[in-house]
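The lines below spell out each chain.
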Amino acid sequence: MASFKSRVFSLLKLFHVIKEENLQWQTANQDRQVKLKHARVMAEKALEAELKKKSVRLEHEISLLRTKNDAELSMFKTKCKQDIKDYKQYLAALDQLKHSIQASYTHLPEVVAFTIHHHAKHLLNQMWEAEDFEQKMQYEMRLINFMTTVQEDARLHLEGASNQKLPERTLSLIQQK
């Protein structure tokens, strides 16, 4: 039993020695641990402040982008509405042109008037869908030239200055395509 007691006392003594060493180490390093904890807290606060600053900056940039995008969208919608209005006006002018042809050439089969109208509409669509500005201008000039020729043929026929039964110059422009 004595050996059991001595072993228990040895174990207790060892346990107390380890606790004492730990306590001495804690005491010796207490300042360092406090400094480390303080540095960690300060680093966390600095990181939090930096994150808040970046968050505010990002929110500002997002707000600016939203404002810019809203303005661009509004401008684009306005432009599209104007384009639609312009396109409708072009179509109305082409319809008037068709009626002018039908009134000028009363003997003309409807299919010819529709063909002239269809060709003018085709030129309008090419002009409208062209991506390149120069190409758009070329189509616009072709459309203007075509419409002017149609009007001129109709005028000359009505005035009796032309004895042709068909709008020959207009039909030749269609054939050039």
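Everything here concerns the structure above.
Predicted, not measured: the structure shown is a model, and the values here were computed from it.

## Some details on helix α4 (residues 133-159)
With 27 residues, α4 ought to run about 39 Å at 1.5 Å a step, and its terminal C-alpha atoms sit 38 Å apart, in line with that. Listed in full, the buried residues belonging to α4 are Y139, L143, F146, T149, V150, D153, A154 and H157. In this structure, the buried residues of α4 make contact with α2 (30-104), α3 (110-129) and α5 (168-176). G160 occupies a position one or two residues after α4 and carries a positive phi of about 80 degrees.

## Quick look at the nonpolar core
Grouped together as the largest cluster of nonpolar side chains are 19 residues, with contacts concentrated most on I101, I116, L143, F146 and V150. Of all the secondary-structure elements, those providing two or more residues to this core are α2, α3, α4 and α5. Per-element tally for this core: the top contributor is α3, with seven residues. Apart from the residues lying within four places of it in its own chain, the contact partners of L143 are Y90, A120, L123, L124 and M127.

## Description of a nonpolar patch on the surface
Taken together, the side chains of F4, V8, F9 and L12 make up a nonpolar region of the molecular surface, amounting to roughly 410 Å² of accessible area. Examined against the element boundaries, L12 turns out to sit in helix α1 (residues 2-28). Overall, the relative accessible area of 42% leaves L12 in the partly exposed class.

## Comments concerning the environment of I116
Mapped onto the fold, I116 is located in helix α3. With relative accessibility at 1%, the residue I116 sits in the buried group. For I116 and L94, which are 22 residues apart along the polypeptide, the C-alpha to C-alpha distance reads 9.6 Å. Residues within four places of I116 in sequence aside, it is in contact with I101, F146, V150, P167, T170, L171 and I174.

## Brief notes about the packing of α4 against α5
Direction vectors running N to C along α4 and α5 enclose 155 degrees, while the axes themselves pass 8 Å from each other. As judged from the angle between their axes, α4 and α5 are roughly antiparallel. Along its contact with α4, which presents N145, F146, T149, V150, E152 and D153, the element α5 presents E168, R169, T170, L173 and I174. For the contact of α4 with α5, the residue count by class is four nonpolar, three polar and four charged.

## Concerning the pattern of salt bridges
Tallied over the entire structure, the rule returns five salt bridges. In this structure, E44 and R40 form a salt bridge, with 3.7 Å as the shortest nitrogen-oxygen distance. Remark: R40 and E44 occur in helix α2; sequence separation between them is four residues, near one turn of the helix. A salt bridge links K79 to D83, with the nearest nitrogen and oxygen atoms 3.0 Å apart. Of this pair, K79 and D83 are both found in helix α2, four residues apart, which corresponds to roughly one turn of the helix. D83 gets classed as partly exposed once you look at its relative accessible area, which sits at 25%.

## Some words on the packing of aromatic side chains
With the rule as written, the count across this model stands at two aromatic pairs. Aromatic pair Y90 and W128: ring centres 5.8 Å apart, planes at 80 degrees, arrangement edge-to-face. Of this pair, Y90 sits in helix α2 while W128 sits in helix α3, placing them 38 residues apart in sequence. Grouping aromatic residues by their ring pairs yields a cluster made of Y87, Y90 and W128.

Rules used throughout
- Residues numbered from 1 in each chain as written.
- Predicted model: local features only at pLDDT ≥ 70, side-chain atom pairs only at ≥ 80, totals over all residues.
- Heavy atoms only, no water.
- Helix = DSSP H or I, 4+ residues; strand = E, 2+ residues; numbered from the N terminus.
- Expected span 1.5 Å × (residues − 1).
- Buried < 20%, exposed > 50% of the residue type's maximum accessible area, 1.4 Å probe, protein only.
- Contact = heavy atoms within 4.5 Å.
- Core = buried A, V, L, I, M, F, W, Y, C linked by side-chain atoms within 4.5 Å.
- Patch = residues over 30% accessible without salt bridge, like charges linked within 9 Å, V, L, I, M, F, W, Y side chains within 5 Å.
- Areas by Shrake-Rupley, 256 points an atom, 1.4 Å probe, with all protein chains shown as cover.
- Salt bridge = Lys/Arg side-chain N within 4 Å of Asp/Glu carboxyl O.
- Axes fitted to C-alpha atoms, helices over the stretch in contact; angles between N-to-C directions.
- Parallel < 35°, antiparallel > 145°, perpendicular 65-115°, else oblique.
- Nonpolar A, V, L, I, M, F, W, Y, C, P; charged D, E, K, R; others polar.
- Phe/Tyr/Trp six-rings, centres within 6.5 Å; stacked < 30°, edge-to-face > 60°.

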